[in-house]
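The lines below spell out each chain.
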2 protein chains.
Amino acid sequence: MATIREVAKLAGVSVATVSRVMNKNGYINDKTKEKVEAAIKELDYRPNDVARTLFKGTSKMIALFVPDIMNPFFPKLARAVEDTANKSGYTFILCNTDNDQEKEMKYLHTLLQKTIGGVVMVSSSIPLETLNKVNVPIVALDREIADMISVTVNNRTGAIEAVRHLQETGCKRIAHISGPEDTTSAVERKKGYLEAVGQENWFSEEYLIPGEYTFDGAYQATKELIKKHPEIDGIFAANDLMGVGVLKAAEALDLRVPEDLSVIGYDGIELGEITTPALTTMGQPIYEIGKRAAEIIIDRMENNQKEFASEQYNVQLIHRQSTK
Amino acid sequence: MATIREVAKLAGVSVATVSRVMNKNGYINDKTKEKVEAAIKELDYRPNDVARTLFKGTSKMIALFVPDIMNPFFPKLARAVEDTANKSGYTFILCNTDNDQEKEMKYLHTLLQKTIGGVVMVSSSIPLETLNKVNVPIVALDREIADMISVTVNNRTGAIEAVRHLQETGCKRIAHISGPEDTTSAVERKKGYLEAVGQENWFSEEYLIPGEYTFDGAYQATKELIKKHPEIDGIFAANDLMGVGVLKAAEALDLRVPEDLSVIGYDGIELGEITTPALTTMGQPIYEIGKRAAEIIIDRMENNQKEFASEQYNVQLIHRQSTK
DNA sequence: TTGTACGCGTTATCAT
DNA sequence: ATGATAACGCGTACAA
């Protein structure tokens, strides 16, 4: 790779001049500009981004922390962040955290040492004081982190709508398989469920069981739930991955869906279209929120004076085959 | 972030000494070492990786080029590469290429400007001369790229095995939905299919139709295929995503699987476990090959004198419900 | 309008 | 055993 010095020599000018034409800074004679551009072209010169970064003190890189890219909710989110980052000339770094604090801290420090520009975080177990001490813009995505700027969907009201849909399509006894307690989206969805049916006279605490946002968790949970409470005729799973787990458990239990058991999920990932029956769900604008989070981060990096606010998007019922 | 100079000042030594204790280079008095370490700890000093990279001329970053992380085959591969990279202290950069040459070239140059350490590539439309000119270790993963070092599975023999399985379970007329012609894995799988049944007297070119490795492609292909050739009783889809597409098409066509139509896929992604019926497939060690590709890249970066060779892994029949 | 020289934070070489 | 300093490649005051 050619350096700025080589270009300067070939063009018969100083490095400063080359730098100026590269960055369109200051005044330059048209004639010398041409010479320089010719030299740049001839050598296929591309400025060394590392040197640039060192000088500027910040790099055009943006990182995304997700629990696990193998969870089918995240690829689209990652894609959205990457696309948006690229559009503004940023490089995209993906970090799988496994919700492991040690891993997250290690990542954060590694990135800091690379003078990362900004971080989009889906969840974080990093202590708030660390997060605040760190001099890098951070935006929370999908889940809130304390009082940081976040891009989320309206989980509580979406959950209420999900339960209402179950009721409107004839369900009398509705259970909820919830997500992790330390995840705001899961907590909000559970709140919505409780708000919708917590006061019903049939309601029981036993209708509320944790599934940890995983397929297996929901599968097991459903089996136990139905064994104990065969009267259940509707299940609201806090995410689609669990919704699919419920579907498979129903299959194993020889329960017809939606005749014997109605199922609704949350997220609207493509997986839900592929099951038989296809999963009814509350669809969120996944790509959209990922894109917005990236845009906000980039805005904050380039435009530090502006005021930023959290954003909340709406979810929408997608009626497929797992409810009547 | 504290710099090495601040540490030096606090410890009352020169920056060279600090550098030495950081890198465990040269001789250092135990006493001064202690002083320096104390200062490092006190300031929570972490060397600036950008400066380091600038000096060394290469960075501890490894990139993975995939067509699209939203394709369910890739998350596990990405995860494998990232895990392996991290284990050796490398940072992971994900690049979605969409099989778009322009995008790939842009990525490559961006990364080069960051003095990327190595690149793992799933497919590439980058001209070979560019690839060769570039002074960065590259390994091809999942698909071959000319004569570069690659980590793949045995696609041809796996395909033969898949077709044999269909035959052994009673299929008499077996069609193949193939992947992209410019993708070596797809070409090899098609070769295997042809090798297995191309000489049968019932064989017809019309049994061989392209599905582009996509769900929709396979869905449409299946519908047309069955309409034209209702005698088909077995389909070998060149990947699982298409296998699932076949399953859904069969459902739409009111065909029972496997009674009326047997289906086998390729890859062994988790998606195939979730459909009803679950998809029989040729499972490849996805995580394993991703890991190996990363290991090889890292080896090449750290150990340039060694000789490296391509590796090929075996696939294994996973018999689920879509075949008898 | 252009060039010189310094600084960004490290590491490695050469003295001491 | 330790320190001073050049060098990595770039951008920008400041001088010319």
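Residues numbered from 1 in each chain as written. Chains lettered and ligands numbered in written order. Predicted model: local features only at pLDDT ≥ 70, side-chain atom pairs only at ≥ 80, totals over all residues. Heavy atoms only, no water.

## Concerning the relation of the copies chain A and chain B
Mapping chain A onto chain B calls for a screw motion: a turn of 180 degrees about the axis and a shift of 0.0 Å along it, with 0.0 Å RMSD after fitting. Here the two chains are linked by the operation of a two-fold rotation axis. Comparing contact sets, 100% of the residues at the interface of chain A also lie at the interface in chain B, consistent with an isologous, same-surface contact. (Least-squares fit on C-alpha atoms with pLDDT ≥ 70 in both. Contact = heavy atoms within 4.5 Å.)

## A word on the pairing of strand E3 (residues 118-121) of chain B
Residues and elements named next belong to chain B. What you see with E3 is no split at all: Gly-118 and Val-120 on one side and Val-119 and Met-121 on the other are buried throughout. Relative to E3, strand E1 (residues 61-66) runs parallel, the two sharing four bridges. Its bridge partner being in E3, Phe-65 is matched across the sheet by Met-121. Of the strand pairs in this sheet, E3 and strand E4 (residues 138-141) are connected by three bridges, and their pairing is parallel. The partner of Val-119 across the bridge, within E4, is Ile-138. Between the parallel pair E3 and E4, the chain is carried across by helix H7 (residues 128-133), and the sense of this crossover is right-handed. (Buried < 20%, exposed > 50% of the residue type's maximum accessible area, 1.4 Å probe, protein only. Helix = DSSP H or I, 4+ residues; strand = E, 2+ residues; numbered from the N terminus. Pairing = 2+ DSSP bridges. Right-handed = clockwise from strand over helix to strand, strands pointing away.)

## Looking at the side chain of Arg-189 of chain B
Structurally, the position occupied by Arg-189 of chain B is in helix H9 (residues 184-197). With residues near it in sequence (within four places) discarded, Arg-189 of chain B still touches Asn-155, Ala-159, His-176, Tyr-213, Phe-236, Ala-238, Asn-239, Tyr-266, Asp-267 and Gln-284 of chain B.

## Focus on the protein's contact with DNA strand D
In the neighbourhood of DNA strand D, 25 residues make up the surrounding shell, with Ile-4 of chain A together with Thr-17, Tyr-27, Asn-29 and Thr-32 of chain B lying closest. Of everything in DNA strand D that lies within 4 Å of the protein, sugar and phosphate atoms constitute 66%. Contacts to DNA strand D include Arg-20 of chain B, whose side-chain N or O atom sits 2.7 Å from a base nitrogen. One of the backbone N or O atoms of Phe-55 of chain B is found 3.5 Å from a base oxygen in DNA strand D. (Near = heavy atom within 4 Å. Polar contact = N/O pair within 3.5 Å; in protein donor to acceptor, adjacent residues only side chain to side chain.)

## Observations regarding the sheet that holds strand E9 (residues 262-267) of chain A
Residue and element names in this part refer to chain A. Taken together, six strands build an open sheet; the order of strands is E7-E6-E8-E9-E10-E12 and the sheet is mixed. Across the chains shown, the open sheet's two edge strands, defined by having one partner strand only, are strand E7 (208-210) and strand E12 (316-318). With strand direction ignored, the average angle separating the axes of adjacent strands in the sheet is 20 degrees. In the sheet, strand E6 (residues 174-178) pairs with strand E8 (residues 234-237) via four bridges, with the strands oriented parallel. Bridge pairing links Ile-177 to Ala-237 in E8. (Axes fitted to C-alpha atoms, helices over the stretch in contact; angles between N-to-C directions.)

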